[in-house]
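# Structural features, examined
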Amino acid sequence: MSQKIGFIGGGQMAEALIKGIIASGLYKEENILVAEPNSFRRDHLESNYAVKAYYSNLPIFENCKNIILAVKPQTMKTLLEECRERVQIQHILISIAAGLPISFYIDTLGKPETKVVRVMPNTPALVLEGASALSRNRNVSDSELHEAEEIFMAVGEVVILDETHLDAVTGLSGSGPAYVFSFVEALIDAGVKSGLTRAVSEKLALQTVSGSVKLLRESGEHPAALRGMVTSPGGTAITALHVLEKVGFHGIIMDIVESAVNRSKQLGEAQ
Ligand SMILES: NC(=O)C1=CN([C@@H]2O[C@H](COP(=O)(O)OP(=O)(O)OC[C@H]3O[C@@H](n4cnc5c(N)ncnc54)[C@H](O)[C@@H]3O)[C@@H](O)[C@H]2O)C=CC1
Ligand SMILES: O=C(O)[C@@H]1CCC=N1
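Residues numbered from 1 in each chain as written. Chains lettered and ligands numbered in written order. Predicted model: local features only at pLDDT ≥ 70, side-chain atom pairs only at ≥ 80, totals over all residues.

- Labelled according to an unreviewed UniProt entry, the protein chain appears under the name Pyrroline-5-carboxylate reductase, originating from Desulforhopalus singaporensis.
- The Pathway (unreviewed entry) comment attached to the protein chain in UniProt states, word for word, "Amino-acid biosynthesis; L-proline biosynthesis; L-proline from L-glutamate 5-semialdehyde: step 1/1." (UniProt positions renumbered as here; feature names shortened; annotations may be inferred.)

This is the structure:
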């Protein structure tokens, strides 16, 4: 694709998307423009991905139709106020900020005709295994939504949802990698505590998690049915699951996701 794509904010999530988009071949390096005030980040992105990085966001608005807003939610208002005059009818603002509703962009810019796509991606986009949910406002046509969808399809799975579901997505898949990494870290430590070397424990823990996900996907079975296959009567797995259920594992997971969903809503209301 010779069309250019712009990023405003060149942090962790922008980098994940840039890396994935290049690896997938959707955009060439020279057609990816990034506006980033931090010179270390600009140097990092230019030297690692051969993209064009600028201090100012003016080149982004001048050259790109699809513009990914990848700054923190707390910074978004200042950014929108700064670039109010630069946002034109041809631009599609694709924001990945947690919590901020589409109405926030329209109200802050004071331009009701602005095309906005709100997205919640996640960091496994770095390895083309991301999970993203997209929603749009009425100014975005089907073909424009499809272009935005293609960007995130290049780095993983995509669902199109009504905006009312985006906070739930933020709590589940947007923040989800953090829960999974914590679980894996704990599993590795548990192996070490039981006498395995860290290297062996890490190898076994990672393969256990990725193998279990593959089994879930390929068998199409409910997780409870597959759990049943592991638990022999009077065996080790059921003994361990007893401990897990005594501390309320299901409830804890539901509580952590709910807390992230509520935080996402709060971020939207606070700006
Ligand atoms: N990290 C994650 O796992 C996910 C993050 N998000 C969202 O992505 C957005 C970015 O998050 P991260 O990449 O984690 O944050 P980050 O802090 O790594 O990146 C933000 C970048 O924006 C830059 N920046 C600040 N003001 C700017 C301005 N006026 N113009 C251009 N750049 C500016 C900062 O220098 C920084 O490099 C957030 O809104 C977050 O809610 C969404 C899904 C997952
Ligand atoms: O914690 C955060 O704010 C970001 C948004 C989703 C995942 N990480």
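### As for the site of ligand 2
- Lining the immediate surroundings of ligand 2 are A98, T170, G174 and S175.
- Within the shell around ligand 2, the residues separate by chemical class into one nonpolar, three polar and no charged. (Near = placed C-beta within 6 Å. Nonpolar A, V, L, I, M, F, W, Y, C, P; charged D, E, K, R; others polar.)

### Topic: the sheet that holds strand β3 (residues 52-54)
- Spatial strand order, β3-β2-β1-β4-β5-β6-β7-β8: eight strands in an open sheet with mixed pairing. Unpaired on one side and paired on the other, β3 and β8 (156-160) mark the two borders of the sheet. On average, each strand axis in the sheet is tilted by 25° relative to the strand beside it, whichever way the strands run.
- Sheet analysis places strand β2 (residues 32-35) next to β3, joined by three bridges and oriented parallel. Considered in β3, the bridge of A35 is made with Y54.
- Each of β5 (92-95) and β6 (115-120) touches helix α5 (residues 102-109); the most contacted strand, β6, lies at about 140° to it.
- Across the face of the sheet, helix α7 (residues 166-174) comes into contact with β6 and β7 (130-136) while running at roughly 35° to β6. (Pairing = 2+ DSSP bridges. Helix = DSSP H or I, 4+ residues; strand = E, 2+ residues; numbered from the N terminus. Axes fitted to C-alpha atoms, helices over the stretch in contact; angles between N-to-C directions. Contact = placed C-beta atoms within 7 Å.)

### Remarks on the site of ligand 1
- Near ligand 1 you find 27 residues, and of these G9, G11, M13, A97 and A98 are the closest.
- Where the shell around ligand 1 is concerned, the elements lending two or more residues are α1 (12-24) and α4 (73-82).

### Quick notes on the domain arrangement of the protein chain
- Domain parsing of the protein chain yields domain 1 (5-162) and domain 2 (176-268).
- Computed over C-alpha atoms only, the centres of domain 1 and domain 2 are separated by 32 Å.
- Contacts between domain 1 and domain 2 engage nine residues on the former and six residues on the latter.
- When its residues are assigned to classes, the side of domain 1 that touches domain 2 shows six nonpolar, three polar and no charged. (Domains from an automatic or database assignment.)

### Considerations on the pairing of strand β1 (residues 5-8)
- The two faces of β1 match: I5 and F7 on one face and G6 and I8 on the other face are all buried.
- Of the strand pairs in this sheet, β1 and β2 are connected by four bridges, and their pairing is parallel. Across the sheet, the residue bridging to G6 is L33, located in β2.
- Crossover β1 to β2 through α1 is right-handed.
- Note: β1 against strand β4 (residues 66-69), four bridges, orientation parallel. Note that in β4 the partner of F7 across the bridge is I68. (Buried ≥ 20, exposed ≤ 12 C-beta atoms within 10 Å, placed from the backbone. Right-handed = clockwise from strand over helix to strand, strands pointing away.)

### Quick notes on the UniProt feature "binding site: NADP(+)" (unreviewed entry) in the protein chain
- Mapped onto this numbering, the UniProt entry annotates "binding site: NADP(+)" (unreviewed entry) at I8, G9, G10, G11, Q12, M13, A70, V71, K72 and P73. On the basis of their most widely separated C-alpha atoms, the annotated residues across 66 residues gather in one place, lying no more than 14.1 Å apart.
- With respect to the element layout, I8 can be found in strand β1.
- On the basis of neighbour count, I8 is assigned to the buried category, with 26 C-beta atoms found within 10 Å.
- The residues contacting I8, other than those within four sequence positions of it, are A35, N57, I60, I67, L69, A70, V71 and L79.

### Some points on the nonpolar core
- Ranked by internal contacts, the top residues of the largest apolar core, which has 55 residues, are L17, V34, I67, I68, L69, A70 and I94.
- Sort the elements by how many residues they give to this core and α1 lands first, with six residues.
- With near-sequence residues (within four places) excluded, I94 lies in contact with N66, I67, I68, L69, V117, V119 and A148. (Core = buried A, V, L, I, M, F, W, Y, C linked by C-beta atoms within 7 Å.)

### Side note on α7
- Extensive coverage of α7 is indicated by the burial of seven of its nine residues.
- Along α7, the residues that are buried comprise L166, D167, V169, T170, G171, S173 and G174.
- Buried positions along α7 lie against β6, β7, α8 (176-193) and α12 (249-270).

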